[in-house]
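Okay, here's what each chain looks like letter by letter:
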Amino acid sequence: MAERIIVFDTTLRDGEQSPGASMNKAEKLRLARQLEKLKVDVIEAGFPVASQGDFEAVALIAKEVRGLTVTALSRTEKTDIDRAWEAVKEGANPRLHIFIATSDLHLKYKLKKSRKEVLEIINKSVSYASRYTSNIEFSAEDGSRTDPNFLVQAVRAAVKAGATTINIPDTVGYALPEELGERIRFVREQVEADDRVVWSVHCHNDLGLAVANSLSAIQNGARQVEVTINGIGERAGNTSLEELVMALHTRKDLMPFTTGIETKQIYHTSRLVSRITGLVVPANKAVVGANAFAHESGIHQDGVLKKRTTYEIMTPKDVGLDQSVLVLGKHSGRHAFQDRLKELGYVLNPEDLKKVFERFKELADKKKEVVNEDIEALIADEILMIPDTYKLVYISVISGNMAVPTATVQIEINGEIIQKAGFGVGPIDATFNTINKIIKTCTKVCNLVSFSVNAITGGTDAQGQVTVRIQQGSKVILGKGSDSDIITASAKAYLNALNRLDYLKKNPIKSWS
Ligand code: KIV
Ligand code: ZN
């Protein structure tokens, strides 16, 4: 009988630590609902002590998303544990996730504590957490670089104090598959607690080995894997959920393990995460990249036509890529539109529904066919955004090979409409310069670090999704906007970044490592 692997998704916590990938409360809830549809077992919804916004998002997800375990990250301080518990306690099956570093490197330079002190901290913090719940996960940060014998001591202390899941992270993505597998086996054998705990692994992808390392850990006794959608996360990211799950699914012959994942939801979830975080999925990305099922060479095409399995080890259908997209058009009524929203997992209040329906009608006038991806983009623009301080009212841009690119922009700020005109080397530059003239936040102190345009669907009438990243000091802020006119989409994206910057100033995030 194939053994069941627990899928622990940390897109909302470690994934959000990707530079510039921060999500707001509404976006987090939307993603949590989709993760529930994907049937992950555990969602790590955030790090509540980091900011009021994170706390509220975790609490909301715990309350609203009932079909799985919701957990929150916490350091070993009592205040962190209290805050994390406060956030998850309304959940259907809440878990506390406590971590402390255990490698000598971290002890000496970061924590400035002795091994003995760290063992005491583990004992105290896990015992303290067990007043709240018996569902406690303990992570030995930098576990893969920790002296194995001390790691055993740390894990014993955590188990003795009440931890029921033990996670061994490869925090800096340093381990090799055999080495990490061996480490999991060693700790399991030394601690002898298989009947009391679930062994877990959390890998980073600095050497591109996160999936291989996680599979090796599973083969050596790990029964929980910590993953993110599209592999996003701190630095080079984490183990990618879709790659790990499809590897187990495709190679059952050598790895007799199952997961509860609804694989047909994989593609849709990947697109949603990409749209929300603005982190574009590379075309050659395994499982969910645009080329993952595209066959270019004639020999391959011929082979696939004769027998699909000659060049395909999974089918697009397995990951939900073939899902027939029901098309809406300008004659579709409010009911058909509302039904589609429900299918996509959105229940909107009448006011929001009116806003989105109006945008849908405008879009349907310009574009022949409106598909699910378009609707998701409208919702992302209209409903999931943080409350706007700056609203785009009007934009007109003149450009061409014989014209000086000129933009005229009107922005509403606190009920007042301000209009200005400006020039630039191109239409986007003119637009951003004009916005900067109206909103002074970015003059001199902001850098535009990246700008990209992607077509949401195919065809020349597709909506463009623009993603910008601006940097102010050490902060990188993401902005997104979509429209069938890419200059308007660019203006919306830039304003979204400025709105987020303004929001961040009012709701600061504490740094925690
Ligand atoms: O990478 C890491 O070690 C972590 C822990 C907090 C689990 O993210
Ligand atoms: Zn991590």
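Below, the structure is looked at part by part. (Residues numbered from 1 in each chain as written. Chains lettered and ligands numbered in written order. Predicted model: local features only at pLDDT ≥ 70, side-chain atom pairs only at ≥ 80, totals over all residues. Heavy atoms only, no water.)

**As for the coordination of the zinc ion (ligand 2)**
Piece 1. Taken together, Asp14 (OD), His202 (NE2) and His204 (NE2) make up the full set of protein donors to the zinc ion (ligand 2), lying 2.0 to 2.2 Å away.
Piece 2. Every donor residue of the zinc ion (ligand 2) comes from the same chain, spaced as D-x187-H-x1-H. A residue pair is termed long-range when its members are at least 10 positions apart, and Asp14 in the loop between β2 (6-9) and α1 (25-38) and His202 in strand β8 (residues 198-203) qualify at 188 residues. For the residue pair Asp14 and His202, the accessibility class agrees, reading buried in each case. (Donors = N, O, S within 2.8 Å, 3.2 Å for Na, K, Ca; no water. Helix = DSSP H or I, 4+ residues; strand = E, 2+ residues; numbered from the N terminus. Buried < 20%, exposed > 50% of the residue type's maximum accessible area, 1.4 Å probe, protein only.)

**Quick look at the sheet that holds β2**
Piece 1. Read around the closed barrel, eight strands run β2-β3-β4-β5-β6-β7-β8-β9, paired in parallel fashion. Strand-to-strand twist of the sheet, defined as the mean angle between neighbouring strand axes without regard to direction, takes the value 25 degrees.
Piece 2. Bridge analysis of strand β6 (residues 136-141) against strand β7 (residues 165-170) gives three bridges, and the strand direction is parallel. Each bridged residue has a counterpart across the sheet, and for Glu137 the counterpart in β7 is Thr165.
Piece 3. Against the sheet, helix α6 (residues 148-161) makes contact with β6, β7 and β8, and its axis sits at roughly 150 degrees relative to β7, the strand it touches most. (Pairing = 2+ DSSP bridges. Axes fitted to C-alpha atoms, helices over the stretch in contact; angles between N-to-C directions. Contact = heavy atoms within 4.5 Å.)

**Digging into the pattern of salt bridges**
Piece 1. Here the structure, examined in full by the defined rule, presents 36 salt bridges.
Piece 2. Between Arg145 and Asp142 there is a salt bridge, with its nearest N and O atoms 3.0 Å apart.
Piece 3. Classification of Asp142 as buried rests on a relative accessible area of 0%.
Piece 4. Linked through salt bridges whose partners overlap, the residues forming this network are Arg13, Asp14 and Glu44. (Salt bridge = Lys/Arg side-chain N within 4 Å of Asp/Glu carboxyl O.)

**Here we look at the packing of aromatic side chains**
Piece 1. Tallied over the full model, the rule gives seven aromatic pairs.
Piece 2. Arranged with centres 4.7 Å apart and planes meeting at 20 degrees, the rings of Phe337 and Phe360 form a pair that is stacked. Of the two residues, Phe337 is situated in helix α12 (residues 334-344) and Phe360 in helix α13 (residues 350-366); the sequence distance between them amounts to 23 residues. Comparing Phe337 with Phe360 shows no difference in burial state: the two are buried.
Piece 3. Centre to centre, the rings of Phe432 and Phe451 are 6.2 Å apart; their planes meet at 70 degrees, and the pair counts as edge-to-face. (Phe/Tyr/Trp six-rings, centres within 6.5 Å; stacked < 30°, edge-to-face > 60°.)

**Re the pairing of β6**
Piece 1. Here β6 lies mainly inside the structure; six of its six residues are buried.
Piece 2. Of the strand pairs in this sheet, strand β5 (residues 95-101) and β6 are connected by six bridges, and their pairing is parallel. Bridge pairing in β6 links His97 to Glu137.
Piece 3. On the question of chirality, the crossover connecting β6 to the parallel β7 by way of α6 is right-handed. (Right-handed = clockwise from strand over helix to strand, strands pointing away.)

Shape is all these values report; function is a separate question.
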